[in-house]
Amino acid sequence: MPHKIGFVVVSSSGHEDGFSARELMIHAPTVSGWRSPRFCQFPQEIVLQMVERCRIRKLQLLAHQYMISSKIEFYISESLPEYFVPYQAERFRRLGYVSLCDNAKTGCKARELKSVYVDAVGQFLKLIFHQNHVNKYNIYNQVALVAINIIGDPADFNDENNVTSREKLIDHYLGHNAEDPALDGTYTGKPDYISPLDDLAFDMYQDPEVAQIIRKLDERKHDAVQKERYDYAKKLKQAIADLQKVGERLGRYEVEKRCAVEKEDYDLAKEKKQQMEQYRAKVYQQLELHNLMDAELMRRPFDLPLQPLVHPGSPRHQKPKPSLPQQEERLTEKRAMEPLLQEQPSSRSRSVPPQHAAVGQVLPSPDPRPKIDVEMLPYDERPLPAIRKQQGETHMEYELSDPDVSEAQKGGISGEPEPLTEKALREASSAIDVLGETLVAGAYSKTWSYREDALLALYKKLMEMPTGTPKEDLKNMLRASVFLIRRAVKDIVTSVFQASLKLLKMIITQYIPKHKLSKLETSHCVERTIPTLLTRTGDSSVRLRIIASNFIQEMALFKEVKSLQIIPTYLVQPLKANSSTHLAMSQIDLLARLLKDLGTEGSGFTTDNVMRFSVSALAHRVYEVRETAVRIILDMYKQHRAFILEYLPPDDNNTRKNILYKTIFEGFAKIDGKPTEAEIRAQKKAATEEVERQKKEEIKVLQGQLAALKEIQVEVQEKESDAMKPKNQDTQGRKADPPNAPETPDNHYLDHLCIFCGERNESFTEEGLDLHYWKHCLMLTRCDYCKQVVEIASLTEHLLTECDRKDGFGKCYRCSEAVLKEELPRHIKTKDCNPSKSDKLANRCPLCHENFSPGEEAWKAHLMGPAGCTMNLRKTHVLHKVQAPPPGKGSAMTRAGTSGLKAGSKIPTPKRGLSKSSSRTYTKR
C-alpha cells in the first residue's frame, strides 16, 4: 500500500538566506519552505534523494501564496545526478510538468496544493522551477516551495500483486465492496489506497506531536481490526477523529505564537504558549483516563524513530506488535459503546478552511470526575455558565471553539469579564444604563476576546431590535453603541478593530434606515468616529492602516453618508507639521482616491479647499506626500484649467527653479497640448542651426551677386570711356586706360550702398548710412523698448529673444506674434488677431499683422511697394521723394543707378538684425 516516503535534499541551485531547501524535509504548520535567491536566473533546480529505491505513486506540492513558479518539471533517476557523475545526463528521465495558478483570483492570499499521480521507479527526484508569475508582492522575482510530499512504496515489494489478488478474491466470494464506507481506511485490499494520514495537508495543519500520536493510534486501530476487536477499533477511530481537530487547534496556536514573536508581542506569545501547554495537558489527561495514552505515545516527535519506508500495511513491516494486556481488554469491553469525546451542543453549522477548522467537541472525564478550577483556564476554553451550574462545577467539558466563529452566532457571550473600575463606571455610565453592565464590562475588559465578544453581541442585539421600538430608545441604543465603537476603534487588536468597523457599518447602512431615524443620527455616528478612524490611518501596523483607509473610503461612498459631505471636510484640513509620516501619507492618499470617486460637485470637495490643501502639501517634508499633491493638482487642472492657476505662483524662471513647480507647469503644458520647456529648447536649437545654415547660403548667394555686379560695372565703365575719350589722345594710351578703369569701382563697390533696401546714394558715407538706417531705410525699424534698429522681418523674434525687455513678452499661439504678458490673456481671450500660417506658406508682417506671399523678395515688395504694408511709416517719405539725375552724367548715371538698383534688388535681405549682420550696433545718437 502506498505510503509516505522519506527523503533528503541532495542539492539546490541556490536559496535565500533563512530559506534553505533543507526546510522541505520538515512538514509542520510553522515551516517556511525553500525560496530561490532574489533576481535569480531561471530555471532553478532541486534534487531530492529518497531513503531507498521506490515506486512513486503520488507527488504533492504546496506552493507559496505569491512566489509562484509558472511551471515545475519532474525528472527521476536511479543513480546520482549528472553533476556528480559527469557525461551521464541521460540518467535522469523526464516525467512531465505541472502548471501552477497565478493566484490572482485570491489576491495572492491562498496557497495552492497540487497533487500529481505518477508511476515511476527511482531513488533521485529532480524538480526544475521555471519563470515566476509576476505580481505586485513578488518584487524580487523569486519562486518558492513551502512543502513537498512523496507517496509510494518500495520498488522490491514483489509480493504486492499476490496479496492484492488474494484479498480481492476473498472479498469477491464474501460480497464485500471495496468502496464500502464502513471499511473506511482499514481496507487493505485496495492496492492504490493512500491513507489520509500520509497526505501533505495532514502534516501541514497538525501539531507534530499530536500527528505522531494519531499515527500510533491508527496502527493500533489496524491491529485491533485484524484481531476483530471492533469495539476497541471504534473507540480508537473516534479518538483519532477528535485528535485531528485538537492537532489543528494546537497547530494554529503555534502559528499565532510565531507571529506574535515576529511582532515582538511577547505577552501574546507567552499567553499562547501557556494556552497550548494547558490544552495539551488536558487532552493527554483525557487519553490517559481512557487507557489510550502510554509512554510510547507520550514521547516527543523528535524522540520517535523515523521509519518512512516501514508501513503497517506493508509486508516489510517485521516489527511485532505487543499484545494488549488483559486488564486493558476488560476495560475496553466494559466501555465498548462509551464515546470517547462527547459533542458540545452548538447552534452553528458552517464549513471553514483547514487552517481555520474548529473542533466542536469536548473531552469528558469518567467518574469520579476531577474538579478543575475554571478560572485558571483560558477564556476561549471555559464552559458556558449554564452548563457549569448544572454540573455543579465538578466536571469540566473542555470546549474547543474556533476564535474566528462569530460569538453572535453562538447566542451570547461565554465567561465573565472582570468587573468595571470606578473610573470606567463613571465614564460609561450612560452606556451602562442602556446596554447593561455585563456587556459594557466586556467592552472594557483587558482580555481582547471579551472585547470582541461584547461588540459581536451588541451587533446581534441591534440587528434583532424590533421595528416598533420607540424612537427615543432607538436613539439611546445608537448613541451608547457609538460610545463603545469609539473606544474599540482605538484597540490595537485587529479582530476587535474589525468588529467595531463591522458594527459601525451595520448601524449606518441597516439600523438607521430600518428604523427610519433622521440624518442627525447618521451625522452623529460619522462625526464621533471619523477623527479616531483618521488617526488609525497613521498606525504603525500596515494592516491596520490599510483596513482603516479602505473603510473610510467605503463609508464616504455610503449613500447615507455621501450627502452629508462630512468626510471630505476632514480630509482637506491642512497637514500638521508634527504629524506622523504614515498619517500624512494616508490622509493625502485618501483625498486623492475620494476626489476621483466623488468629484468637486456637491461632494464636500471644492476647487478652493482642495487646491489650498494641495499647495500647502507641496512644502511637506515627506517626498510621497509632495508627489501625491502634484498628482492632485494635475487632476484638478484637467477639470478646471485656468481657475487652478490662481492658487499657484506665476510661471517664470524663478518659479521653475523649484522642481515641483517645474513638474506642475510642464504637466499643464502637456495637458494643454503645448510643448514643454525641454521641447522648446530643442526647437530653438534646431531653429538656430537652421538660421546659421541659411546665413551661410545667403553669403554664398551674395558673393555670386557681387561677382555679377562687378562684370556689369566693368561694361558700363568701358562704354563711358569710349564715349568721352579725346580725339587728340594717343592711340596707345587710349588702349591702355580701359583695363584700369574698373578697378576703382571694384574696390569700393559696397560704398554708398544700403545692403537692406538696395538704395545707392553718394551721401551714404559711414555717417550717412547710420542716418539712413536710423530714419529712412524701409526695411528697418526701431524697437520701441530697447531703441535698437532691427529688421522688420525679425522684429517678433527680437522682442522674444534679444530685446532687453524680452521677459515681458509672450508669444500668441494663434498669430505667433510677441505680445506683452499682461495683455496676453486678454489678447488670447478676445480672439481678434489674424491667425498666422506656416513659414513655407506665408510671411507675417509684425506692423500690419497681415500674411503675404513667402520668400525674401516678397518682404521688399511688401515693405517698399506702394501697394504693400500700410503701417510702415517710413514708406511715405520715400514715395514722395523724387531723385533727379546728377548733371553732366545724364544717361550714364541713369544707367548706372538703374543697373545698381536692379542688381541690388536681386540681393536677398538678411534675416537677422543689424546687430547680427554688422559689426556696428545702431543705437540712438
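What you are looking at is a predicted structure, and each value in this text was computed from that prediction instead of being measured. (Residues numbered from 1 in each chain as written. Predicted model: local features only at pLDDT ≥ 70, side-chain atom pairs only at ≥ 80, totals over all residues. Heavy atoms only, no water.)

**Q** Pulling in residues and values, what's your account of the overall build of the protein chain?
**A** Along the backbone of the protein chain there are 35 helices and 16 strands. Residues classed as buried in the protein chain amount to 45% of the 925 residues present. Put simply, of all contacts in the protein chain between residues at least 6 apart along the chain, 66% involve residues at least 24 apart. For the protein chain, the exposed surface amounts to about 50300 Å²; the carbon and sulfur share of it is 52%. (Helix = DSSP H or I, 4+ residues; strand = E, 2+ residues; numbered from the N terminus. Buried < 20%, exposed > 50% of the residue type's maximum accessible area, 1.4 Å probe, protein only. Contact = heavy atoms within 4.5 Å. Areas by Shrake-Rupley, 256 points an atom, 1.4 Å probe, with all protein chains shown as cover.)

**Q** Talk me through a nonpolar patch on the surface; I want residue IDs and the actual numbers.
**A** On the surface, a nonpolar cluster with roughly 230 Å² of combined accessible area is contributed by Val8, Met25 and Ile26. Within the secondary structure, Met25 sits in the loop between β2 (7–12) and β3 (34–35). Overall, Met25 belongs to the partly exposed group, its relative accessible area being 37%. (Patch = residues over 30% accessible without salt bridge, like charges linked within 9 Å, V, L, I, M, F, W, Y side chains within 5 Å. Salt bridge = Lys/Arg side-chain N within 4 Å of Asp/Glu carboxyl O.)

**Q** How would you explain unusual backbone geometry if you had to name every residue and give the values?
**A** Following Phe42, the chain continues to Pro43 via a peptide bond in cis, the omega torsion being 5°. Topologically, Pro43 is positioned in the loop between β3 and β4 (44–63). Of note, the phi angle at Asn141 is positive, near 55°, even though the residue is not glycine. Along the polypeptide, Asn141 turns up in the loop between β7 (113–129) and β8 (144–154). Although it is not a glycine, Arg641 adopts a positive phi angle of roughly 45°.

**Q** Run through the packing of helix α15 (residues 494–514) against helix α16 (residues 519–536), naming residues and quoting values.
**A** Contact pair α15 / α16: the axes reach a minimum separation of 11 Å and the direction vectors enclose 155°. With respect to α16, the element α15 is oriented roughly antiparallel. The handedness of the crossing between α15 and α16 is left-handed. For the pair α15 and α16, the contacting residues are Phe497, Leu501, Leu504, Ile507, Ile508 and Ile512 in the first and Glu521, Thr522, Cys525, Val526, Thr529, Leu533 and Arg536 in the second. When grouped by side-chain class, the residues that make up the contact of α15 with α16 number nine nonpolar, two polar and two charged. (Axes fitted to C-alpha atoms, helices over the stretch in contact; angles between N-to-C directions. Parallel < 35°, antiparallel > 145°, perpendicular 65-115°, else oblique. Left-handed = near helix turned anticlockwise from the far one by under 90°. Nonpolar A, V, L, I, M, F, W, Y, C, P; charged D, E, K, R; others polar.)

**Q** Report on the packing of aromatic side chains, specifying residues and quantitative values.
**A** Taken as a whole, this structure holds nine aromatic pairs when the rule is applied. When the ring of Tyr66 is compared with that of Tyr137, the centres are 5.9 Å apart and the planes differ by 40°; the resulting orientation is tilted. Of this pair, Tyr66 sits in the loop between β4 and β5 (71–77) while Tyr137 sits in the loop between β7 and β8; the two residues are 71 residues apart in sequence, bridging distant segments of the chain. The interplanar angle of 80° and the centroid separation of 5.0 Å between the aromatic rings of Tyr785 and Phe809 together place this pair among those described as edge-to-face. Remark: Phe809 occurs in strand β13 (residues 809–811) and Tyr785 occurs in the loop between β11 (780–782) and β12 (789–791); sequence separation between them is 24 residues. Look at Tyr785 and you get partly exposed, because its relative accessible area is 35%. Overall, Phe809 belongs to the buried group, its relative accessible area being 7%. Each member of the aromatic cluster is reached from another via a ring pair, and the members are Tyr637, Phe665 and Phe668. The ring centre of Phe92 lies 4.6 Å from the NZ or CZ of Lys126, which sits over that ring. Over the aromatic face of Phe497 sits the side chain of Arg536, whose NZ or CZ is 4.9 Å from the ring centroid. (Phe/Tyr/Trp six-rings, centres within 6.5 Å; stacked < 30°, edge-to-face > 60°. Lys NZ or Arg CZ within 6 Å of the ring centre and 35° of its normal.)

**Q** So what's going on with a positive patch on the surface? Which residues, and what values?
**A** A cluster of basic residues, Lys109, Lys136, Lys263 and Arg543, forms a positive patch on the protein surface. With respect to the secondary-structure elements, Lys109 resides in the loop between β6 (93–99) and β7. For Lys109, a relative accessible area of 72% translates into the label exposed. (Lys, Arg positive; Asp, Glu negative; His and termini not counted. Charge placed at Lys NZ, Arg CZ, Asp CG, Glu CD.)

**Q** Describe in detail the nonpolar core, supporting the description with residues and values.
**A** Residues Ile507, Tyr511, Met555 and Ile567 are the most contacted members of the largest nonpolar core, which totals 89 residues. Looking at this core element by element, the count peaks at eleven residues for α15. Setting aside chain neighbours within four positions, we find Ile507 in contact with Leu462, Leu478, Ser481, Ile485, Ile512, Pro513 and Cys525. Val9, Leu48, Leu127 and Ile148 belong to the second largest nonpolar core, which has 30 residues in total. (Core = buried A, V, L, I, M, F, W, Y, C linked by side-chain atoms within 4.5 Å.)

**Q** Could you give me a rundown of the pattern of salt bridges, with the residues and numbers involved?
**A** Within the structure shown, the criterion is met by 26 salt bridges. The partner of Asp491 in a salt bridge is Arg451, and the shortest N-O contact between them spans 2.5 Å. One end of the pair, Asp491, is in the loop between α14 (471–489) and α15; the other, Arg451, is in helix α13 (residues 448–463), with 40 residues separating them in the sequence. Here the two residues Asp491 and Arg451 agree in accessibility, since each one is buried. Two residues, Arg693 and Glu690, come together in a salt bridge whose shortest N-O distance is 2.1 Å. Of this pair, Arg693 and Glu690 both sit in helix α26 (residues 677–724), three residues apart, which is roughly one turn of the helix. Classification of Glu690 by relative accessible area gives partly exposed; the value is 33%.

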